[in-house]
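Chain by chain, the residues run as shown.
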Amino acid sequence: MSFPRQQARTRRFTLGVPRAFQISPDGGRVAFLRGRDGTDTATSLWTVDLDGTERVVADPRRIGRLDEDLPPEERARRERLRETGGGIVAYSVDEAFARAVFTLSGRLYTVGLGGGGDPRELPAAAPVIDPVISPRGDAVAYVSGGAIHVLDLDSGADRVVAEPDGPDVTWGLAEFIAAEEMGRYRGMWWAPDGSALLAARVDDAPVTRWHISDPANPEAAAQVVAYPAAGTANADVRLAVLPLAGGGPAAPTWVEWDRAALPYLASAGWRTAPQDRPAEPVLVVQSRDQRTLRLLGADPGTGRTRLLAEETHDAWVEVPSGVPAATEGGAAVWIGVRDGQRRLIVGDAPVTPSDLYVRAVGDVDGDTVLFTASRDPVEIDLWSFHPADGLRRLTEPGGVHAGRLRGGTLVVQRRSLDSSEVDTRVRRGGEQAAVVGSFAERPELPDFSVTLLRAGERELRTAVLLPSWHEPGSRRLPVLMDPYGGPHAQRVLAARGAHLTSQWFAEQGFAVVVADGRGSPGRDPEWEYALHGDLAGPPLEDQVAALHATAERVADLDLERVAIRGWSFGGYLAALAVLRRPDVFHAAVAGAPVTDWRLYDTHYTERYLGMPQREEAAYRDSSLLADAGALSRPLMLIHGLADDNVVFAHSQRLSSALLAAGRPHTVLPLSGITHMPTEESTAENLLLLQVEFLRSALGLTPAAAPGRLGGRQPPYRAWR
């Protein structure tokens, strides 16, 4: 089997990898999701004991739900989550770890986690979206038809506690902007005692309607989506406490804050207060220009709020991940910028040093805070803080780590450059208690190494991948730059699995260079702020600098034959490269590129470029459309017609501008494909077609006809 086919079948080798861990209060059991093998899309719910005994708790095959008949709201939710699997893709457990709830094909199920007993379907109003079990395990809240239902798990009684009061209103779900850009995927949260729900009401009426159609299926009506493009109206989002005593709809207590000044609801939840004080709702809100972020506490009885913390900056304030939270002793847990670095704050003081970049809070177990952080951006480690023990690094250097902590039990998941496998271990008392196996397939690639560099004066984190068959000094290799290159994401990590596709391209005869420039996370906020007002200049400058600095250290790079490929922001950067620096880049493949930032969403775009009504120059200078007449190099545009994130209009408008300028180019439209091409034959052939395009564009031909492209190919020569 070729690598492209294998990667498509395995959903980029994610199938069979254990994930979504939750731990019992006593730390004695761990629940997780995993397929039965590396191509199993029917993900099951499992548990593992500290002695390593694993048990399948719920298997979609046994339940008989493999049809994946998903409601549109669930499909949209998965698109925002970049969820490519199937079966049980999410679950919710009660505080005691006795019950779990999940959905299959829009139907609601529950299962006991203590052993014995099969999953049973609950009499819920289908289709069921995003069910959340109550802390006491006696009820489940879910969304159906835009209304919040609460179902009693013992009696089966189902009642609506909040229902839409308008045609564009939904309750209990995250709006597009929250899920796509803020990392908030939920719209309702149980009070710790189960007496109330904190719920978001979203009114999409102000949002502009876009119509996404598929020309390959003219009989199908266009999909109408509420898309808040830069400079246009967002959804109106409110927050209410819904008391659940009694029957019928709940009388909402509206949480009041200055929504005109701070319209974005970035996160919400409940904070358990120390001593005998009741829990209170907490929420993080942000201004439209994103220069102010406030943490508010709310009175659940009156809805009045008070300020708990505030962050401001002249560029923007990043929405922190995993907070707000609080320790058992009542100390607030927060992430904020202090002395020029993102630091963990417990109580009123930062507890991490200024050379440690805090990425996210994972869990708070008693008074112990688990978080991820980096000293070098290519590595991500697990750390803990406890008032008595101080800071502790919990993982060995040289990898990318994630984890969960509860009841004194720590789950550590490690990815490294030594192997493409994901290593998952359960620790108790500092000792290994169990290993959770991964069933992911081994990539059909020869053994390879990744060279990590600090390129140029900015020390750009750069990965270099060469063909496994290449002998240093034997020939000069054409170069393929393979970046994302923009904010919020990294490609250069100390994890072999992050470089599999790049290595496959290397096996086709390229020296592949992957560079993370300014804007990428893991260094310090000023590094990220460098993109403020300009999404084109710094990213492109850094790719050029990384290429030239790498060529000085790796002698076999042929700078007369340089191509660039990328997806999403990487697609934008690839097209930008051949339009503005044809002296450096000789061909490009741009997948799902943003070509005109006026067509991209509010929260992302305005963070960097401001409002288009006021910052016309920034939008003009960051757009590709005015550069169309300058195209002198081969360019392939790839775009899914069903993409509701970077809509097809981006590629269509650039193609039209290129046509008007008389510039030849290639467009590959993908019928029925969203921002994530997961359909097997499409995902496979996309890689094959890109290689053939790049070969032709750079004048390369195989030294021997390879047939269907697999993992390893013979060397290439250039037509001169």
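Our subject in this report is the structure included herewith. Residues take numbers from 1 onward in each chain, read along the sequence in its written order. Given that this is a predicted model, residues contribute local features only at a pLDDT of at least 70 and side-chain atom pairs are listed and counted only at 80 or more, while totals for whole chains, interfaces and linings are drawn from all residues. Only heavy atoms go into the side-chain values, all of them from the structure, while hydrogens and water stay out.

**Observations regarding the environment of A463**
Phase 1: To qualify as a helix, a DSSP run of H or I must reach at least 4 residues; to qualify as a strand, a run of E must reach at least 2; elements of each kind are numbered from the N terminus. Its location among the elements puts A463 in strand β38 (residues 460-465).
Phase 2: Under the relative-accessibility criterion, A463 is labelled buried at 0%.
Phase 3: Measuring from C-alpha to C-alpha, the distance between A463 and G85 comes to 29 Å, with 378 residues separating the pair along the chain.
Phase 4: Whether two residues touch is decided by their heavy atoms; if any such pair falls within 4.5 Å, the residues are in contact. Residues contacting A463, with those up to four places away along its chain left out, are V450, T451, L452, V492, H499, V512, V513 and V514. Relative accessibility thresholds used throughout: buried, under 20% of the residue-type maximum; exposed, over 50%; partly exposed, between the two (1.4 Å probe, protein chains only).

**Observations regarding the pattern of salt bridges**
Phase 1: Here a salt bridge means any side-chain nitrogen of Lys or Arg lying within 4 Å of a carboxyl oxygen belonging to Asp or Glu. One pass over the structure, following the stated rule, counts 44 salt bridges.
Phase 2: Note that R209 is salt-bridged to D168, the shortest N-O span being 2.9 Å. Highlighted residues: R209 in strand β17 (residues 209-212) and D168 in the loop between β13 (158-162) and β14 (169-171), separated in sequence by 41 residues.
Phase 3: The exposure class assigned to R209 is partly exposed, which follows from its relative accessible area of 31%.

**Comments concerning the side chain of Q490**
Phase 1: One can find Q490 in the loop between β39 (477-481) and α5 (500-507).
Phase 2: For Q490, a relative accessible area of 16% corresponds to the buried category.
Phase 3: Separated by 2.8 Å, the side chains of Q490 and R359 make a polar contact.
Phase 4: A polar contact of 2.8 Å, which involves the side chain of Q490, links it to the backbone oxygen of P377. Polar contacts here mean pairs of N or O atoms no more than 3.5 Å apart (in protein, one a potential hydrogen donor and the other a potential acceptor; neighbouring residues in sequence count only if both atoms are side-chain atoms).

**What about unusual backbone geometry?**
Phase 1: Residue P127 is reached from A126 by a cis peptide bond, and omega for that bond is 0 degrees.
Phase 2: Looking at the element boundaries, P127 is found in the loop between β9 (120-121) and β10 (129-133).
Phase 3: For the peptide bond that leads from V323 to P324, omega is 10 degrees, which places it in the cis range.
Phase 4: In this fold, P324 is placed in the loop between β24 (305-312) and β25 (325-326).
Phase 5: Although it is not a glycine, R11 sits at a positive phi angle of roughly 55 degrees.
Phase 6: The phi dihedral of D339 falls on the positive side, at around 55 degrees, and the residue is not glycine.
Phase 7: Looking at where D339 falls in the secondary structure, it is placed in the loop between β26 (332-338) and β27 (341-346).

**A closer look at empty space enclosed by the protein**
Phase 1: Here a cavity is any set of points on a 1 Å grid over the protein atoms alone where a 1.4 Å probe fits but cannot get out, and a pocket is any open set with protein on both sides within 12 Å along at least 5 of 7 lines; a residue lines the site when it has an atom within 4 Å of a point. Grid points are joined across faces, edges and corners, and a volume is the space filled by probe spheres set on the points. Summed over all chains, the structure comprises 2 cavities of 30 Å³ or more.
Phase 2: When its volume is computed, the largest cavity comes out at roughly 110 Å³.
Phase 3: Around the largest cavity sit 15 residues that line it, and R77, A90, Y91, T103 and P131 are the ones nearest its centre.
Phase 4: When contributions to the lining of the largest cavity are tallied by element, the ones reaching two or more residues are α3 (72-81), β7 (99-104) and β10.
Phase 5: Here the residues of the lining of the largest cavity sort into 7 nonpolar, 3 polar and 5 charged.
Phase 6: In this structure, the second largest cavity occupies an estimated 40 Å³ of space.
Phase 7: For the second largest cavity, the full set of lining residues is P377, V378, R461, Q490, V492, D516, S520, P521, R523 and W527.
Phase 8: Gly falls in the polar group here, along with every residue not listed as nonpolar (Ala, Val, Leu, Ile, Met, Phe, Trp, Tyr, Cys, Pro) or charged (Asp, Glu, Lys, Arg). Of the residues that constitute the lining of the second largest cavity, the class distribution is 5 nonpolar, 2 polar and 3 charged.

**Side note on α5**
For an α-helix, 3.6 residues make a turn, and residues three or four places apart therefore share a direction.
Phase 1: Within α5, 8 of the 8 residues are buried, which leaves it mostly tucked inside the rest of the structure.
Phase 2: If you check which residues of α5 are buried, you get L500, T501, S502, Q503, W504, F505, A506 and E507.
Phase 3: Contacts from the buried residues of α5 go to α1 (3-9), β38, β39, β40 (511-516), β41 (557-567) and α12 (680-698).
Phase 4: Immediately beyond the C-terminal end of α5, within one or two residues, lies G509, with a positive phi of roughly 115 degrees.

**Concerning the packing of helix α7 (residues 537-553) against helix α8 (residues 569-580)**
Phase 1: The angle between two axes is taken between their N-to-C directions and runs from 0 to 180 degrees, where each axis is a line fitted to C-alpha atoms and a helix contributes only its stretch in contact. For the pair α7 and α8, interaxial distance at closest approach is 10 Å and the crossing angle is 75 degrees. In terms of their interaxial angle, α7 and α8 are classed as roughly perpendicular. Taken together, the residues of α8 that come into contact with α7 (itself represented by P539, L540 and Q543) are F569, L573, L576, A577 and R580. With respect to orientation, any angle under 35 degrees is reported as roughly parallel, any angle over 145 as roughly antiparallel, any angle of 65 to 115 as roughly perpendicular, and every other angle as oblique.

**Observations concerning the environment of A245**
Phase 1: Inspection of the secondary structure puts A245 in the loop between β19 (236-243) and β20 (253-254).
Phase 2: Each residue touching A245, except ones within four places of it in the same chain, is listed here: R159 and S195.

**Observations regarding the packing of aromatic side chains**
Phase 1: Working definition: rings of Phe, Tyr and Trp (its six-membered ring) pair if their centres are within 6.5 Å, and the pair is stacked with planes under 30 degrees apart, edge-to-face with planes over 60 apart, and tilted otherwise. Evaluated as defined, the whole model comprises 20 aromatic pairs.
Phase 2: Between the aromatic rings of W46 and F439, the centroid separation amounts to 6.3 Å while the plane-to-plane angle is 70 degrees, which identifies the pairing as edge-to-face. Within this pair, whereas W46 is found in strand β3 (residues 42-49), its partner F439 is found in the loop between β36 (431-436) and β37 (451-455), the two being separated by 393 residues in sequence.
Phase 3: The exposure class of W46 is buried, given its relative accessible area of 7%.
Phase 4: The partly exposed category is assigned to F439, whose relative accessible area is 34%.
Phase 5: Relative to W597, the ring of F569 lies with its centre 6.0 Å away and its plane at 40 degrees, an arrangement referred to as tilted. Here F569, found in helix α8, pairs with W597, found in the loop between β42 (587-591) and α9 (602-609); they are 28 residues apart in sequence, far enough to count as distant. Residues F569 and W597 agree in their burial class; the two are buried.
Phase 6: Taken together through their ring pairs, the aromatic side chains of W316, Y484, Y529, F569, Y572, W597, Y600, Y604 and Y608 make up a single cluster.
Phase 7: Note on criteria: charge over ring means Lys NZ or Arg CZ within 6 Å of the ring centre, with the direction from the centre no more than 35 degrees off the ring normal. Sitting over the ring of W254, R238 keeps its end group 3.9 Å from the ring centre.

**Focus: the pairing of β10**
Phase 1: Most of β10 is tucked away: 5 of the 5 residues are buried.
Phase 2: What makes two strands pair is DSSP finding at least two bridges between them. Relative to strand β11 (residues 139-144), β10 runs antiparallel, the two being bridged by 3 bridges. Across the sheet, the residue bridging to I129 is V143, located in β11.
Phase 3: Taking the residues between adjacent antiparallel strands as the criterion, β10 and β11 are bridged by 5 residues, where G137 takes a positive phi near 75 degrees.

Coordinates in, geometry out; function isn't part of it.
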